[in-house]
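Spelled out from the first residue to the last, the chains are:
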Amino acid sequence: MSDALLQTSGLCKSFGALTVADNIEFRLEPGARHALIGPNGAGKTTFVNMLTGQLPPSAGRIEFAGEDVTRLGQAARVKRGLGRTFQINTLFGALSVLDNVALGVAERRGVGGRAWRAAGSHREVRDESLELLASLGLADDAASRTVDLPYGKQRLVEIALALGLRPKVLLLDEPAAGVPSTESQRVLDVLGRLPAGVAILIIEHDMELVFRFAQRITVLVRGQILCEGAPREIAADARVREVYLGDAHG
Amino acid sequence: MPLARGPAIGYGGSARLHPAELLPWAFAIAVYFLAPSYLPLGAYVLIIILFALSLDLILGYGGIVTLGHAAYFGFGAYVAGVFAVRVHGDPLLGLAVAAAASAAFGAATGAVVLRTRALALLMLTLALVSIVFEVANKWTEVTGGADGLNSVPVGQLLGAFRFDLFGKTAFLYCLAVLAAGWWLVRSLVHSPFGASLVGARENEARMHAIGAPVYARQLCAYTLAAALAGVAGALLTQTTQFVGLSVVSFELSGEILVMLVLGGVGRIYGAFVGPLVFIVARDYLAKQSPEYWVLGIGVLLILIVMFARGGILGLADGIAARWRRSRP
Ligand SMILES: Nc1ncnc2c1ncn2[C@@H]1O[C@H](COP(=O)(O)OP(=O)(O)OP(=O)(O)O)[C@@H](O)[C@H]1O
Ligand SMILES: [Mg+2]
């Protein structure tokens, strides 16, 4: 057995003739700050969707904390400590910011299905949710309808929802995507303050952010891992410059 | 205002009873004492309110748009009728049997229906109504076929209250059962369970991503809604001492949806206002001019869908909000 927290072997995914994941061998160590980069359409989001169980892989195997979770449903993986955020806001738009976070906190605490007492009387859920929101600078927005928030704050709610699950592994799919640069600093601050014990895999296009945040980088191109290494190695890699930077900025 | 919007739902709100939520009950009691000639119609309205309320649970809160809810109403109506004819005439026992049978039927069919979404779900639920209809139609020796079951025996309520000719007992019976159903739905909707139903309605993908067992929760809600619809159907059988094919018609499935949309979806009290307005208007207008009644309902629906998505209560909300804003 390896000591990787999350590990894939021979992971493949095809949509018809299009191969989006081609024999991916990937390891995420405990407490990692790991970035997954690659040009648009490389298959990064698809990879995350397979890790969480939203998409079944065509072939291959996913292990979480030494356990084969390839056939497990999403809820079961969340229970084991796998949390994620979405590239495109996937929030409960009509609900308050507090309710967004509280829904997740309640599930984690195992009271999400309680049917008799009013939700509002579950103080422990509300207090924990408010505390979490306050730590993200969203205390004043708790009662607001989520869709009414500016986009930058919605991105923070996106992260708050995942943090409410107290995951062991956090998969962040472009957390700062679409956030105006004036507001993106707050997202960066939040990322910097994430608990050290949580292993983080971040997908990000902003290279400045990636090189500031990540201790390890994997480059994915057309469903294949092109290379993996420390930031300095990746920055110096000629193939990465050619394929990735050429694609993104050319 | 809480009457119109339903009390705050979720972890930030309180589920304390607002005085306005007592209005429907005060109104019903006023009808009982002041307008005794309306009691039979009133009992019917109460039954349909319970039916609409059960639909609101899965449609308004669960976001499950079904066209087949009459299947459970009709199922409960027939179970109550057959049980009374063949086994026992005690109304409460019949009600309990109808509730249990409808719940079982709801769980079995819901397990299949809820695997699908959108158009497929609509088609499946439509098919469900037509299957129940055909069974009721063809299984003559049990259901009475096209003639239905006449003179269904109904014993005394609690062994003490006879169902009288004026419909007094029937009205109070329906009112009490509705109150119980209302309290159940209201409690559920305000609970974490209810919040998670709304979460799945708002964003199913995220519900999965936070680890909620969406399918199981929806199936629970669906089963309970089927049981409540079955209870409503059973009430109709018991209070009219008759059950016929009209309780499992496409028409009823559509009408209950129209009534709920008319009153306002996902706010509990829309299920009270919609059927009341719809049935009273139909009772009045259908006598005047039956053909214009149908036309009128069509026009009304178009207006609601185009200009008042929240139904009558949504409209009332909007007006109240504007009024508050215009005050200095
Ligand atoms: N459900 C699907 N059905 C068919 N094709 C899909 C599906 N999901 C993704 N794809 C395709 O798979 C490829 C990889 O998509 P994916 O979203 O994983 O890329 P990505 O690396 O996240 O890109 P981006 O940087 O733009 O987010 C794309 O060509 C996309 O069009
Ligand atoms: Mg992506």
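Placed above this text is the structure.
Report on the accompanying structure. (Residues numbered from 1 in each chain as written. Chains lettered and ligands numbered in written order. Predicted model: local features only at pLDDT ≥ 70, side-chain atom pairs only at ≥ 80, totals over all residues. Heavy atoms only, no water.)

### Describing the overall build of chain B
Each helix and strand in chain B was counted, giving 15 helices and 0 strands. Compactness check: chain B gives a C-alpha radius of gyration of 20 Å against a globular reference of 20 Å for 328 residues, within 12% of the reference. The C-alpha extent of chain B, read off along each of the three principal axes, is 60 × 45 × 40 Å. Among the 328 residues that make up chain B, the fraction classed as buried is 53%. Nonlocal contacts in chain B, meaning residues at least 24 apart in sequence, comprise 79% of its contacts between residues at least 6 apart. When the accessible surface of chain B is summed, it comes to about 14,200 Å², and 71% of that surface belongs to carbon and sulfur atoms. Averaging the coordinates of the 20 positive side-chain charges in chain B and doing the same for the 14 negative ones gives two points 13 Å apart. (Helix = DSSP H or I, 4+ residues; strand = E, 2+ residues; numbered from the N terminus. Rg over C-alpha atoms; globule rule 2.2 N^0.38 Å. Buried < 20%, exposed > 50% of the residue type's maximum accessible area, 1.4 Å probe, protein only. Contact = heavy atoms within 4.5 Å. Areas by Shrake-Rupley, 256 points an atom, 1.4 Å probe, with all protein chains shown as cover. Lys, Arg positive; Asp, Glu negative; His and termini not counted. Charge placed at Lys NZ, Arg CZ, Asp CG, Glu CD.)

### Some details on the overall build of chain A
When helices and strands are counted, chain A shows 9 helices and 10 strands. A globule of 250 residues ought to have a C-alpha radius of gyration of about 18 Å, and chain A, at 18 Å, matches this closely. Taking all 250 residues of chain A together, the buried fraction comes to 55%. Partitioning the intrachain contacts of chain A with sequence separation of at least 6 by distance along the chain shows that 67% fall at a separation of at least 24. When the accessible surface of chain A is split by element, carbon and sulfur atoms take 51% of a total near 10,800 Å².

### A closer look at the sheet that holds strand E2 (residues 18–28) of chain A
Residues and elements named next belong to chain A. Judged by pairing direction, the sheet is antiparallel, and its 4 strands sit side by side in the order E2-E1-E4-E5 without closing on themselves. At either end of the open sheet lies a strand with only one pairing partner, and these are E2 and strand E5 (67–68). Packing of helix H1 (residues 44–52) onto the sheet brings it into contact with strand E1 (6–15), E2 and strand E4 (59–64), and relative to E1 it is tilted by some 120°. (Pairing = 2+ DSSP bridges. Axes fitted to C-alpha atoms, helices over the stretch in contact; angles between N-to-C directions.)

### Regarding the interface of chain A and chain B
With 36 residues of chain A at the interface, the matching set in chain B holds 30 residues. Both sides of the chain A and chain B interface together cover about 2,600 Å² of buried area, and 63% of this is carbon and sulfur. Viewed at the interface, chain B and chain A are joined by 2 salt bridges. At the boundary of chain A and chain B, one finds 12 residue pairs in polar contact (both at pLDDT 80 or more). Those elements that place two or more of their residues in the side of chain A that touches chain B are helix H2 (74–80), helix H3 (97–109), helix H4 (123–135) and helix H5 (151–163) of chain A. The element best represented in the side of chain A that touches chain B is H3 of chain A, accounting for 7 residues. Taken together, the residues of the side of chain A that touches chain B break down into 20 nonpolar, 8 polar and 8 charged. (Buried area = accessible area lost by both parts, 1.4 Å probe. Salt bridge = Lys/Arg side-chain N within 4 Å of Asp/Glu carboxyl O. Polar contact = N/O pair within 3.5 Å; in protein donor to acceptor, adjacent residues only side chain to side chain. Nonpolar A, V, L, I, M, F, W, Y, C, P; charged D, E, K, R; others polar.)

### Let's talk about empty space enclosed by the protein
All chains considered together, the criterion is met by 4 cavities of 30 Å³ or more. Roughly 50 Å³ of internal volume is contained in the largest cavity. Lining the largest cavity, in full, are Thr-52, Gln-74, Val-78, Leu-82 and Arg-84 of chain A together with Ala-209 of chain B. Every element with two or more residues in the lining of the largest cavity is listed here: H2 and strand E6 (82–84) of chain A. (1 Å grid on protein atoms, 1.4 Å probe; cavity = no way out; pocket = protein on both sides within 12 Å on 5 of 7 lines; lining within 4 Å. Points joined across faces, edges and corners; volume = space filled by probe spheres on them.)

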